[in-house]
Number of protein chains: 2
Amino acid sequence: MASIKDVALRAGVSVATVSRALSGKGKVSAASRESVARAARDLGYVLSYNASSLASGRSRNIGIVVPTISRWYFANVLQGATQELNERGYDLTLYNTSGEQRHRDAVFQDLLMRQRLDAVITVTLKLTAPELHQLRAVGKPLVALGGLLPEVSTIRVDDFNIASLATEHLLSLGHTKIAFLGGTDVFNVDFNLPAARLDGFEYALDQAEIAVNPQWLLDADFTTAGAYQKVRSLLSNPRGRPTALLCASDEMAFGAIMAARDLGLSLPGDFSVIGIDGHELGELYGLTTIAQHPAAQGEAAVARIMELLGEDGADEPAGTPPADEFFPTEFVLRTSTAPPA
Amino acid sequence: MASIKDVALRAGVSVATVSRALSGKGKVSAASRESVARAARDLGYVLSYNASSLASGRSRNIGIVVPTISRWYFANVLQGATQELNERGYDLTLYNTSGEQRHRDAVFQDLLMRQRLDAVITVTLKLTAPELHQLRAVGKPLVALGGLLPEVSTIRVDDFNIASLATEHLLSLGHTKIAFLGGTDVFNVDFNLPAARLDGFEYALDQAEIAVNPQWLLDADFTTAGAYQKVRSLLSNPRGRPTALLCASDEMAFGAIMAARDLGLSLPGDFSVIGIDGHELGELYGLTTIAQHPAAQGEAAVARIMELLGEDGADEPAGTPPADEFFPTEFVLRTSTAPPA
DNA sequence: ACCAAAAGTGGAAGCGTTTCCATTCGATCC
DNA sequence: GGATCGAATGGAAACGCTTCCACTTTTGGT
């Protein structure tokens, strides 16, 4: 494997000059730069990230911690983040905290610490105090996506507002009997998220002076199948059913729609459903929803990281990073909501 | 940040001994081992992977290249692979070739080469000759998941057989008018996969001496929405419709089922659908399918890598790695298939 | 022409490990 | 009881870079 020495030899310059020429930092004459480039190409040289990182303290590698991969939101965040990072020539090291607790511990105690990372992105993760402390101890930039961690640069949507907006939509259509399908904390994700959405829902009903029916406050596991079960039994209740339902995720909304159909209800005539997410399948289901854009969130998280690393292309940190604005969302009106019969 | 020197100092031994004590390699007295352990704990010491990799040539980091993340199969492969790697104390660096060509090139030309990786797993990737050459040049173990790369240790399911099995199921129910919904190569994935499934389909029909109706050979993009469109127009054709459909993926099968329902067909009475994949949602849809287990495949790929690295726990490579057996799949009978009316 | 500043360059000191080698020292063997 | 062996250890040389520093040329201003 060719090393920088070989390149230096072949180019007839010093190792120091090769390093400068290849990294673009420092002064190098056009001639040297040229011959170094040729030598490197001839030798098929690529620099050793390890050696480079060791010497410079920067690794061009950022870590991302997710609670699971195989759900829509997370897969799309990853998709956005990898693209953006590859674009900038960074590597992405993936940590998955799902599964046994000891794996999660291992991630925080060891893997993240090995100073192989320039920064860390956490996605919708509810960190324990020690874990947060661990992360802080690494001393690297930290960006939280979706959760809100104390004193950590955070990118997230306004869950409260989204839910209340969605609820207002149903109210404005004339619904008064509205149910809510939230989620339980299956993946150790930040519990704040489902909670904020529930709060938003209750707030909107409250504003409309409609009492919340506790029977109609449901929890599922954020999966389509789980939602199906819950909604099916909700709608089978002989003692009256709601005319509309707000689901805390689109994937659950799909289950709700399927359940309603299987029971012979006609949608949206007999039953309106609104989701939150902006899942691609929403279009097929005709699902009215509030779209967030997870891939864009992944990209934004990377951009924020780059700011913190002073790599945003512009010169150094332009003051404080944009404070905690909320990530934009979008109301998508389709055919799953209509006035009650 | 505490370094190995600090630990050595505090433990009252040499740096060399600390290294041996911590790695467990070489002879170290119980006493030294003990005091090193204590010193390390007190100092909150974790070793620098970069320095360690540089010195030893091993990085405990493996790379995985996927064509996209946000589809069921890939997300689940990743899920399995990350778990298994974390389990073994390895890091996982993720490369995503979706998006612009130049990103893909960047991945193969630079990122993968930086000798930061002990091994590489490619998932359902159709590599070009130069790309394969690049990978070979790294000189690290390489395992292909899902594709078949010349002379590369490969883990994959028997696509041909799966498709013919699925087709035989439909035949055995008495269907003769059977359509096939395959996929086009949207993500630069190995084209061999859809092709093999189509071959299996045609083979089975051939065995049954049934002519393939070219009108009923469809292509979609492996998405639910894409399949919905195709199948909807297939079933709307006034000049006769098939009574059964084999879909090359479950996600497409869902779209097919929705299309059929939206057209007022009753399933499986009027129309049988069988999928391939084993998607969780299959249960909700009542989809008969042939399940592969992507998470298990991810784990298997990691296990294979570990064998190649001589890390399987057992002593050194036990002969040749298990030749190219096919990864097991499973026929799952549900309610989407029945004899034709 | 003359001098100061800028440009270009090489030497060498790290960066934090691993590992080879040599050394010491009880323990074991006839 | 001296030679021999293995266990335990430390010194020091890599590993392949980056970067500080000092030095030599250019350059540009006057």
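Residues numbered from 1 in each chain as written. Chains lettered and ligands numbered in written order. Predicted model: local features only at pLDDT ≥ 70, side-chain atom pairs only at ≥ 80, totals over all residues. Heavy atoms only, no water.

### Brief notes about the protein's contact with DNA strand C
Here is step 1 of the chain: The environment of DNA strand C is made up of 26 residues, and the closest members are Ser 14 and Ser 32 of chain A together with Ile 4, Ser 19 and Tyr 45 of chain B.
Here is step 2 of the chain: Taken together, the sugar and phosphate atoms account for 64% of what DNA strand C places within 4 Å of the protein.
Here is step 3 of the chain: Between DNA strand C and the protein, one listed contact pairs a phosphate oxygen with a backbone N or O atom of Ser 14 of chain A at 2.7 Å.
Here is step 4 of the chain: One nitrogen or oxygen atom from the side chain of Ser 19 of chain B is found 2.2 Å from a phosphate oxygen belonging to DNA strand C.
Here is step 5 of the chain: Those elements that place two or more of their residues in the surface near DNA strand C are α2 (15-23) and α4 (49-56) of chain A together with α2 (15-23) and α4 (49-56) of chain B.
Here is step 6 of the chain: Among the residues making up the surface near DNA strand C, the classes are represented as 13 nonpolar, nine polar and four charged. (Near = heavy atom within 4 Å. Polar contact = N/O pair within 3.5 Å; in protein donor to acceptor, adjacent residues only side chain to side chain. Helix = DSSP H or I, 4+ residues; strand = E, 2+ residues; numbered from the N terminus. Nonpolar A, V, L, I, M, F, W, Y, C, P; charged D, E, K, R; others polar.)

### Thoughts on the domain arrangement of chain A
Here is step 1 of the chain: One can read the domain layout of chain A as domain 1 (4-47), domain 2 (61-156 + 295-308) and domain 3 (159-291).
Here is step 2 of the chain: Put simply, the middle of domain 2 of chain A and the middle of domain 3 of chain A, counted by C-alpha atoms, are 29 Å apart. (Domains from an automatic or database assignment.)

### As for the interface of chain A and chain B
Here is step 1 of the chain: Contacts between chain A and chain B engage 50 residues on the former and 50 residues on the latter.
Here is step 2 of the chain: Of the roughly 4700 Å² buried between chain A and chain B, counting both surfaces, carbon and sulfur atoms make up 53%.
Here is step 3 of the chain: Taken as a group, Asn 50, Arg 116 and Leu 284 of chain A account for 16% of the area that chain A buries against chain B, more than any other trio of residues on that side.
Here is step 4 of the chain: In this structure, the connection of chain A to chain B is made through four salt bridges.
Here is step 5 of the chain: Here chain A is connected to chain B by 25 residue pairs in polar contact (both at pLDDT 80 or more).
Here is step 6 of the chain: Counting residues per element, the ones that place at least two in the side of chain A that touches chain B are α4, α5 (72-87), β2 (91-96), α6 (101-109), α10 (224-236) and α12 (282-285) of chain A.
Here is step 7 of the chain: Per-element accounting of the side of chain A that touches chain B gives the leading share, eight residues, to α5 of chain A. (Contact = heavy atoms within 4.5 Å. Buried area = accessible area lost by both parts, 1.4 Å probe. Salt bridge = Lys/Arg side-chain N within 4 Å of Asp/Glu carboxyl O.)

### Notes on the protein's contact with DNA strand D
Here is step 1 of the chain: In the neighbourhood of DNA strand D, 25 residues make up the surrounding shell, with Ile 4, Ser 19 and Tyr 45 of chain A together with Ser 14 and Ser 32 of chain B lying closest.
Here is step 2 of the chain: Considering the 4 Å shell around the protein, atoms of DNA strand D inside it are sugar or phosphate in 67% of instances.
Here is step 3 of the chain: A distance of 2.7 Å is found between a phosphate oxygen of DNA strand D and a side-chain nitrogen or oxygen belonging to Tyr 45 of chain A.
Here is step 4 of the chain: The separation between a phosphate oxygen of DNA strand D and a polar side-chain atom of Arg 58 of chain A is 3.0 Å.
Here is step 5 of the chain: For the surface near DNA strand D, the elements supplying multiple residues, two or more each, are α2 and α4 of chain A together with α2 and α4 of chain B.
Here is step 6 of the chain: Here the surface near DNA strand D is built from residues that sort into 12 nonpolar, nine polar and four charged.

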